[in-house]
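Fold and geometry: a report
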Amino acid sequence: MKQKIGTQKNENILTYLYVGLFIVLIPLVYVTKALDAAMLPRFFAWGCGLLVFSFLLFSKEKNILGQLTPSKILKNRFVVLLTIIVIFSGLSLFNAINPSEGIFDLFKSIFTLYFLIISILFFRRFPKAFLKTATVITLVSIFHSLSGILEYIAFVVPNPDKILETGRSVLYKVTGVMAHKNQLVIALYLTIPFSVYTVLFQKGVWQKIAWLSLLLVLINVFMLKTRSVFLAILIGGIISSTIFILHKNGVLKDSNKIIRYLKFGIIGFFGIFIILIAAIKLTGNGKKATKVVQNTSMAVLKLAKKSDFWRLKVWHGTTKMALKNPVLGVGSGNWKIQIPQYYKVKNLNRKPTWRRPHNDFFWLFAEIGIVGCLAYISLFVGAFLMLLRLIFVADNQKNRLFYTVLLGVIVGYSIISFVSFPYERINHQVYISLIFAVITTFFYKEVKTDGDKSVSIKHYSYIGYGIILMGIIFGGTALASEINRKKAKQAVKKQAWTNVHKFIDKAFSPFTTLDFAGTPLPAIKGLAFYHQKKFDAATAEFLKALKYNPHHADVITDLASVYLAQKKYTEAIELLEKALIYVPKFEKALINLSIIYYQEGDKQKSYEALLRCRENTRNQTVLRNKRALEKELKMK
């Protein structure tokens, strides 16, 4: 009796700690002093939570493995696939221009893998804890939904047609607990299966609260016009409900045969895909292949918004990048460094600010190679097949309905991943790895059972603690860097150049060389030296910056400005033309090019440089200089 009471007490403590650290706390972590107030703060909080929870889990529960031996855990398909992603994220850094930029992604993948493992162990040891977890997620979903609705009422309802300074609709002021409205809705979408489970297995007021949660999520989806989630609900709902109805009516009877055919089809598809990639690489027909991808995407999506044109162009560039580096990719975290070489838009007048291609599959293919990308795709394929099996073997209608909803969410999340970037966000990785853990738990319960065998996990846990601790140290260092980078940015606005030096020196380290948008930190220091007319020091900093990001048009142009100030015209022209390869209508570069030709006495070339700017430019320096040159050249 005492042992049973002790086990129940441990379960309650660990359950409240689990939901408190990973479900309640992480979405509330928000540090406004950082450039990205959510990303690194939540990464750091996730690491701390993993260390605390796993330590208590392994210390309180000596036989935490239950029916799973360490070898069984390591053979779990989700664990295997995430391990492959971790391995190739690490290997890809050998192919990276800036390996330090991949450290965040590498540790994020490790955290996801570690969270998956401890979640599987936790729910296998305490199966009843899942209902409590689902209930808390339901409450959290209501809170997050209400935050979105209240912001909508505050910002959008008074002036629905307002356009923000960024050129976006006022809808983008609605962010809730996230940094972006779409990421808020994606996070809410991932709570749907937990609310459904609460509806199915709770009673009374809790059941009504869960229904309210589902209603509020749908209100946010339609209110905030998040097309990716709308498509996810529509397509995922159609596929899952079709499977459910066909099985219920006896049309689908033999699950083994269906799954076998699906496996053969999927393996065949992957095989053909790999053969095509190899053929494209060997024959050099990458240009035609990427054109096919672009045209197919356009035909399938039929997107009409201006932002979608840029999205398709970025996908096109990302495919070219991936096909050129198919094995190890360009290096984890290095997409934003490499994309200027592949992103070709004739009227581009500024450096693209996207940090990722808005497609997780293309992103991983480009950064960590085809094996890592296929492993990521296989996570969803594997989850789909496991859920399909569970739907067939479920011993009651409630479980079958829950598995069907999970299947629909997995399909939907795959669709979201194809047009957005949930792979980047900490909240989404917590939820999706939790879903994988839940699928594993139910699969072992209903399909695959093992004999009891209790094995110590003590030695394995020490390795885990060490790796997570390294991730926490990195997260703290990166967060401190971002805070100092933001202070430096504010100092630049105030032209307080001494403070710029001070904050950049604090922000820079071998592990933190760029800001989240890809700007090398030495470039900020170089800009300060330039304004202080310390041109040799500025040159040294800009050259250092270009080692970390050699394709950054702004940095290249700023270095050209230093050479221009020193009247090193040949070097300046060479740099400016290089910047214009990446950004053909870059007005800052074209103005400097025009000034150089004017100072060299070639007014015609000076004028022609300005003609390369966009026809509809509103840049007053361009317009003023054009008029002056037209007078000097006596043009009508």
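A brief look at the structure comes next. Residues take numbers from 1 onward in each chain, read along the sequence in its written order. In keeping with the model being predicted, local features are shown solely for residues with a pLDDT of at least 70 and side-chain atom pairs are shown and tallied solely at 80 or more, while totals for entire chains, interfaces and linings include all residues. The side-chain figures draw on all heavy atoms in the structure; neither hydrogens nor water molecules are used.

Looking at the packing of aromatic side chains
Under the pairing criterion, centres of Phe, Tyr and Trp rings, with the six-membered ring standing for Trp, must be within 6.5 Å; the plane angle then separates stacked pairs below 30 degrees from edge-to-face pairs above 60, leaving the rest tilted. As enumerated under the stated definition, the model contains 47 aromatic pairs in all. Taken together, a centroid distance of 5.0 Å and an interplanar angle of 50° make the contact between phenylalanine 43 and phenylalanine 104 tilted. In this pair, phenylalanine 43 is assigned in helix α2 (residues 39-60) and phenylalanine 104 in helix α5 (residues 103-125), connecting sequence segments 61 residues apart. For the pair phenylalanine 43 and phenylalanine 104, a shared accessibility class is recorded, and that class is buried. Here the aromatic rings of tyrosine 197 and phenylalanine 201 are separated by 4.5 Å at their centres, their planes lie at 35°, and the arrangement is tilted. Placement of the pair is tyrosine 197 and phenylalanine 201 together in helix α8 (residues 192-201), with a separation of four residues, close to one helical turn. Accessibility here uses a 1.4 Å probe with only protein chains present; expressed as a share of the type maximum, an area under 20% marks a residue as buried, one over 50% as exposed, and anything in between as partly exposed. Judged by its relative accessible area of 28%, phenylalanine 201 is partly exposed. As a reminder, the over-ring test applies to NZ of lysine and CZ of arginine, requiring each to be within 6 Å of the ring centre and within 35 degrees of the ring normal. The ring of tyrosine 172 is capped by arginine 168, whose NZ or CZ atom sits 4.5 Å from the centre of that ring. Above the face of the phenylalanine 421 ring, arginine 356 is positioned so that its terminal group lies 3.8 Å from the ring centre. Here a strand is any run of E in DSSP of at least two residues, a helix any run of H or I of at least four, and the numbering for each starts at the N terminus.

Side note on a nonpolar patch on the surface
Without a salt bridge and with relative accessible area above 30%, a residue can belong to a patch; like charges are then joined within 9 Å and nonpolar side chains (Val, Leu, Ile, Met, Phe, Trp, Tyr) within 5 Å. Note that accessible areas follow from Shrake-Rupley with a 1.4 Å probe, and for residues the cover is restricted to the protein chains shown. We define a salt bridge as a contact between a side-chain nitrogen of Lys or Arg and a carboxyl oxygen of Asp or Glu at a distance within 4 Å. A cluster of nonpolar side chains, Leu218, Phe222, Phe230, Leu231, Leu234, Ile235, Ile238 and Ile239, forms an exposed patch at the surface whose accessible area comes to about 660 Å². When contributions to the nonpolar patch are tallied by element, the ones reaching two or more residues are α9 (205-223) and α10 (227-248). Here the nonpolar patch gets six residues from one element, more than from any other, and that element is α10. Along the chain, isoleucine 238 falls in helix α10. Accessibility expressed as a relative area gives 48% for isoleucine 238, which makes it partly exposed.

Focus on the environment of threonine 513
In this structure, threonine 513 sits in the loop between α19 (497-507) and α20 (521-531). Each C-alpha atom, one on threonine 513 and one on alanine 545, is 8.4 Å from the other, the two residues being 32 residues apart in sequence. Residue contacts are counted whenever heavy atoms from the two residues lie within 4.5 Å of one another. Threonine 513 has contacts with Asn98, Ser100, Glu101, Phe508, Thr519, Pro520, Leu521, Pro522 and Tyr548, leaving out every residue within four places of it along the chain. Any N or O atom pair separated by 3.5 Å or less is treated as a polar contact, with the protein-specific requirement of one donor-capable and one acceptor-capable atom, and with residues adjacent in sequence counted only for side-chain atom pairs. Within the structure, threonine 513 has its side chain in polar contact with the side chain of asparagine 98 (distance 2.9 Å).

Digging into the pattern of salt bridges
Evaluated as defined, the whole model comprises 12 salt bridges. Across the salt bridge formed by arginine 355 and aspartate 36, the nearest N and O atoms sit 3.2 Å from each other. Of this pair, arginine 355 sits in the loop between α14 (335-338) and α15 (360-393) while aspartate 36 is found in the loop between α1 (2-25) and α2, placing the two residues 319 residues apart along the sequence. Both residues of the pair, arginine 355 and aspartate 36, belong to the buried class. For aspartate 558, the salt bridge is made with lysine 588, and the minimal N-O distance between the two is 2.5 Å. Of this pair, aspartate 558 sits in helix α22 (residues 553-565) while lysine 588 is found in helix α24 (residues 587-599), placing the two residues 30 residues apart along the sequence. Within the structure, one salt-bridge network assembled from shared partners comprises Asp36, Arg355, Arg356, Glu424 and Arg425.

Points about the packing of helix α6 (residues 129-156) against α8
A fitted line through C-alpha atoms serves as each axis, taken over the contacting stretch for helices, and the angle formed by two N-to-C directions is quoted from 0 to 180°. Two numbers describe how α6 lies on α8: the axes approach to 8 Å, and their chain directions differ by 120°. Taken together, the axes of α6 and α8 are oblique relative to one another. The chirality of how α6 crosses α8 is left-handed. Every residue of α8 that contacts α6 at Phe130, Leu131, Ala134, Thr135, Ile137 and Thr138 is listed here: Phe194, Ser195, Tyr197, Thr198 and Phe201. Note that Gly is not counted as nonpolar here; it falls among the polar residues with everything else outside the nonpolar set of Ala, Val, Leu, Ile, Met, Phe, Trp, Tyr, Cys and Pro and the charged set of Asp, Glu, Lys and Arg. Taken together, the residues of the contact of α6 with α8 break down into seven nonpolar, four polar and no charged. The cut-offs work like this: below 35 degrees is roughly parallel, past 145 is roughly antiparallel, 65 to 115 is roughly perpendicular, and the gaps in between are oblique. The handedness criterion is simple: a crossing whose near helix is rotated anticlockwise from the far helix by less than a right angle is left-handed, and one whose near helix is rotated clockwise is right-handed.

These figures capture arrangement, not role.
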